[in-house]
Each structure stands twice: as structure tokens, then as C-alpha cells.
Amino acid sequence: MSKLQRYIFLSLLTAGAMILSIIEGMIPLPFIAPGARLGLANIVTLTAIVIFGFKDSMLVVILRCVLMMFVAGNPISFIYSVTSGVLSVIVMHMGLKYTKKYFSLIGISVLGAITHNASQITVSAIMFESLSMYTYLPIMSLVSIFTGCFVGYTSIYITDNLNKNLLNKTKEV
Amino acid sequence: MKTKINIYDMLLIIFIIVISSFFILYNSRNITYSNTNIAVIYSEDKIVGEYILKESYKNEIAVKSSNGYNNIKIENGKIWIEGASCPDQYCIHQGKISGNGENIVCLPNKLIIKVMSDKKNKEIDFIAP
């Protein structure tokens, strides 16, 4: 793809990630943990990692967090979302590079969801200066399995479609 | 990059379920309910109060932070949040706690209520020779 097509596509992905963040912010999960979110923005992150690579997906994540702070958030939620976004990009990229033979995209997105939740709990433990926040970690890991599977299935669907129609690659990358 | 769920994914998921369940059971085993549990209220990383959760003790505390307020109530040996200014009202949904190790958190107001066991009266009752 040409450079212009690349930039347009990346900005579309960023906008899609922002919409997913806004919608999932309206869905409270009151029975699990404070501030627990479904993590639907990882769909866009994983798609960007598969199609574009590490640097571009990092750009999409950071842009999304900065713009979300301007649109609907406060600086504290920016700290939460940027650390968990960056760490999950790193983990998902490493997972994709080194475990291609073993895990499908579902396993990688489960890993990404778990690092997302674990880093959010770590940030809240640092902000509150108390290790007792880690007692929320087991139950959030259980929830992140479900959201990771959902995100993984959606990403598989999207990347298959994009590889076929946009990039004309019918074989697996 | 595979596109179908396979055995390694299932192994990862089962591994996570096993470890998380282990930690959940381990944590719930360590919760003790006793008459001498103390609830410590932290607002913005400073201790605002310590209260003993006795059966006969009743109190209402209003904690103000820079972002809002929380109204805390103690009755029948349990402590909970009755009213708050946070937008998601999650701290009220966390209910009443009384066992040590249990917490109530209000993220927007930077408030934590922790229940701890009273360590001052513990005596050494066994010393290994």
C-alpha cells in the first residue's frame, strides 16, 4: 500500500478504537472489580499488530489514549489506559512473533487481555500505595479470558477479511 | 498466525483458570471475622480514621476529598459506604465488609477502606525449642 493509504488506514483504525473505548465505557461491569472494562479496543490493537506491525500499532494505541483524554477522560484514566495499552502491544507483538506455531490469535489476545488487566491493577496499586489491590487480580484474569476470546475471534474475522480484500493475500501471513 | 482455536490456546486458558481459582480459594480461606477487626480509612493516601468493628459500635463518617465525598456507615460490626459523589457509584455496590483482608475502594475519590485484624493483642503462644 502507498504511504497515503497507510496513513488513512491507521487514522481510521484510531477512530475505530476511540469509538470502541467510548461505547465500552458506557457498559459497567459492577460485579467484578472497580474500573473493570471489557477491553474492546484490543480488537483494533491486535488487527494493527497483525497487518501493520509493531511501530504502527504502538502509534495507534498512544494516539487513541491521548485523544481519549481530550475527548472524554481525565488525566488519571489516561495513565491507566496508556500503560495498559503499551504493555499489551508489547506482549501481543512478542507473542505473535515467537509463538506463531503454537497459539492462534485467540491465545495471543487472551495474553493481551491479561496483561491489560494486570497492568491496570498494578497502576492502581501504585496510585493507592497498597498491595491489597492485587486481590482483584484472580477474578479479573478469569474475566479477561472471556473478553480475550471474544476479541480474538473478532480479530481473526477482521484480519482474514482485510488480508483477502485489501491486501490481496489469500495465504496466511 | 493460525486462525482456528487449537489445543495450546485451551491449555493456556485452563492454566489461567486453575491458577486464578487457586488464588481465589487461598484468599477466601484467610479471611477472619472477629470482634476485634479494625477498619482503617485512607483518603488520598492519608489515614483519616481507625474504627473497631465491634457488634455494639455505631458510627457515621463523612469523608471529603478533593474530588467529592463519601458517607461511610458502621453498624453491627460491618462497614459500608452509604452515599458517594463518584459517577459510577461502584463503591456503594461493593457492599458491606467485615472480614480482615476485605477492602472497599472508591477510585475517583482515592478512598480505600481496609479491614485488618487487631495485631496488638497477639501473644506468642509457642516458641520452638
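The rules behind the values
- Residues numbered from 1 in each chain as written.
- Chains lettered and ligands numbered in written order.
- Predicted model: local features only at pLDDT ≥ 70, side-chain atom pairs only at ≥ 80, totals over all residues.
- Heavy atoms only, no water.
- UniProt positions renumbered as here; feature names shortened; annotations may be inferred.
- Helix = DSSP H or I, 4+ residues; strand = E, 2+ residues; numbered from the N terminus.
- Salt bridge = Lys/Arg side-chain N within 4 Å of Asp/Glu carboxyl O.
- Buried < 20%, exposed > 50% of the residue type's maximum accessible area, 1.4 Å probe, protein only.
- Axes fitted to C-alpha atoms, helices over the stretch in contact; angles between N-to-C directions.
- Parallel < 35°, antiparallel > 145°, perpendicular 65-115°, else oblique.
- Left-handed = near helix turned anticlockwise from the far one by under 90°.
- Contact = heavy atoms within 4.5 Å.
- Buried area = accessible area lost by both parts, 1.4 Å probe.
- Polar contact = N/O pair within 3.5 Å; in protein donor to acceptor, adjacent residues only side chain to side chain.
- Core = buried A, V, L, I, M, F, W, Y, C linked by side-chain atoms within 4.5 Å.
- Phe/Tyr/Trp six-rings, centres within 6.5 Å; stacked < 30°, edge-to-face > 60°.
- pLDDT = per-residue confidence, 0-100.
- Pairing = 2+ DSSP bridges.

## Digging into the UniProt feature "transmembrane region" (unreviewed entry) in chain A
Turning to step 1, where the next piece is worked out: When the UniProt feature table is mapped to this numbering, "transmembrane region" (unreviewed entry) covers residues 7–29, 61–82, 102–128 and 135–158 of chain A.
Turning to step 2, where the next piece is worked out: Between the end C-alpha atoms of residues 7–29 of chain A the distance is 35 Å, and the span holds 83% helix and 0% strand.

## With respect to the UniProt feature "transmembrane region" (unreviewed entry) in chain B
Turning to step 1, where the next piece is worked out: Sites flagged by UniProt as "transmembrane region" (unreviewed entry) map to residues 7–26 of chain B.
Turning to step 2, where the next piece is worked out: This span, residues 7–26 of chain B, is 100% helix and 0% strand, and a straight line between its end C-alpha atoms measures 28 Å.

## Structural notes on the pattern of salt bridges
Residue and element names in this part refer to chain A.
Turning to step 1, where the next piece is worked out: Counted under the stated rule, the structure contains 1 salt bridge over all chains.
Turning to step 2, where the next piece is worked out: The salt bridge involving Asp-56 is made with Arg-6; its shortest N-O contact spans 2.6 Å. Of the two residues, Asp-56 is situated in helix α3 (residues 54–71) and Arg-6 in helix α1 (residues 3–25); the sequence distance between them amounts to 50 residues.
Turning to step 3, where the next piece is worked out: Residue classification places Arg-6 among the partly exposed positions, given a relative accessible area of 29%.

## Quick look at the packing of α3 of chain A against helix α4 (residues 75–98) of chain A
Residues and elements named next belong to chain A.
Turning to step 1, where the next piece is worked out: Viewed as axis vectors pointing N to C, α3 and α4 meet at an angle of 165°, and their least axial separation amounts to 9 Å. In terms of axis orientation, α3 runs roughly antiparallel to α4. The interaxial crossing formed by α3 with α4 has right-handed handedness. Only Pro-75, Phe-78, Ser-81, Val-82, Gly-85, Val-86, Val-89, Ile-90 and His-93 of α4 make contact with α3, whose side of the interface consists of Phe-54, Ser-57, Met-58, Val-61, Ile-62, Cys-65, Val-66 and Met-69.

## Topic: the interface of chain B and chain A
Turning to step 1, where the next piece is worked out: Taken together, the 28 residues of chain B in the interface contact 39 residues of chain A.
Turning to step 2, where the next piece is worked out: Buried area between chain B and chain A, summed over both chains or domains, comes out near 2,900 Å², and the portion from carbon and sulfur atoms is 67%.
Turning to step 3, where the next piece is worked out: Applying the counting criterion to the chain B and chain A interface returns 0 salt bridges.
Turning to step 4, where the next piece is worked out: At the boundary of chain B with chain A, the tally comes to 2 residue pairs in polar contact (both at pLDDT 80 or more).
Turning to step 5, where the next piece is worked out: Considering every element that reaches the side of chain B that touches chain A, the biggest residue donor is helix α1 (residues 7–29) of chain B, with 10 residues.

## Looking at the nonpolar core
Turning to step 1, where the next piece is worked out: In terms of nonpolar packing, the biggest core is built from 32 residues, with Leu-13, Phe-52, Leu-96, Leu-105, Ile-108 and Val-110 of chain A together with Ile-16 of chain B touching the most fellow members.
Turning to step 2, where the next piece is worked out: Where this core is concerned, the elements lending two or more residues are α1, α2 (42–51), α3, α4, α5 (105–128) and α6 (137–165) of chain A together with α1 of chain B.
Turning to step 3, where the next piece is worked out: When near neighbours in sequence (up to four residues on either side) are disregarded, Leu-96 of chain A contacts Ile-49, Val-50, Leu-105 and Ile-108 of chain A.
Turning to step 4, where the next piece is worked out: Judged by nonpolar contacts, the second largest core, of 19 residues, contains Ile-72, Ala-84, Leu-111 and Val-115 of chain B.

## Some thoughts on the packing of aromatic side chains
All names here are of chain B.
Turning to step 1, where the next piece is worked out: Enumeration according to the criterion identifies 3 aromatic pairs over all chains in this entry.
Turning to step 2, where the next piece is worked out: Summarising the aromatic geometry, the rings of Phe-22 and Phe-23 are spaced 5.7 Å apart at their centres and angled 65° between planes, so their arrangement reads as edge-to-face.
Turning to step 3, where the next piece is worked out: The exposure class assigned to Phe-22 is exposed, which follows from its relative accessible area of 54%.
Turning to step 4, where the next piece is worked out: Judged by its relative accessible area of 39%, Phe-23 is partly exposed.
Turning to step 5, where the next piece is worked out: Ring geometry for Phe-22 and Tyr-26: centres 6.4 Å apart, planes at 15°, overall stacked. Here the residue Phe-22 and the residue Tyr-26 both occupy positions in helix α1, the gap between them amounting to 4 residues, near one helical turn.

## A closer look at the confidence of the model for chain B
Residue and element names in this part refer to chain B.
Turning to step 1, where the next piece is worked out: Here chain B averages 77 in pLDDT, and 89% of its residues register 70 or above.
Turning to step 2, where the next piece is worked out: Least confident of the elements in chain B is helix α2 (residues 90–93), whose mean pLDDT is 76; most confident is α1, at 87.
Turning to step 3, where the next piece is worked out: Overall fold confidence for the complex sits at a pTM of 0.79, while the interface term, ipTM, reaches 0.78.

## Some details on the sheet that holds strand β6 (residues 103–106) of chain B
All names here are of chain B.
Turning to step 1, where the next piece is worked out: The sheet built from 4 strands is open, its strands ordered β2-β1-β7-β6 with antiparallel pairing. On the outer flanks of this sheet lie β2 (46–52) and β6, each paired with one strand and no other. Geometrically, the sheet is characterised by an average inter-axis angle of 15° between neighbouring strands, direction not taken into account.
Turning to step 2, where the next piece is worked out: Pairing between strand β1 (residues 38–43) and strand β7 (residues 111–116): 6 bridges, direction antiparallel. From the neighbouring strand, Ile-38 faces β7, where its bridge partner is Met-116.

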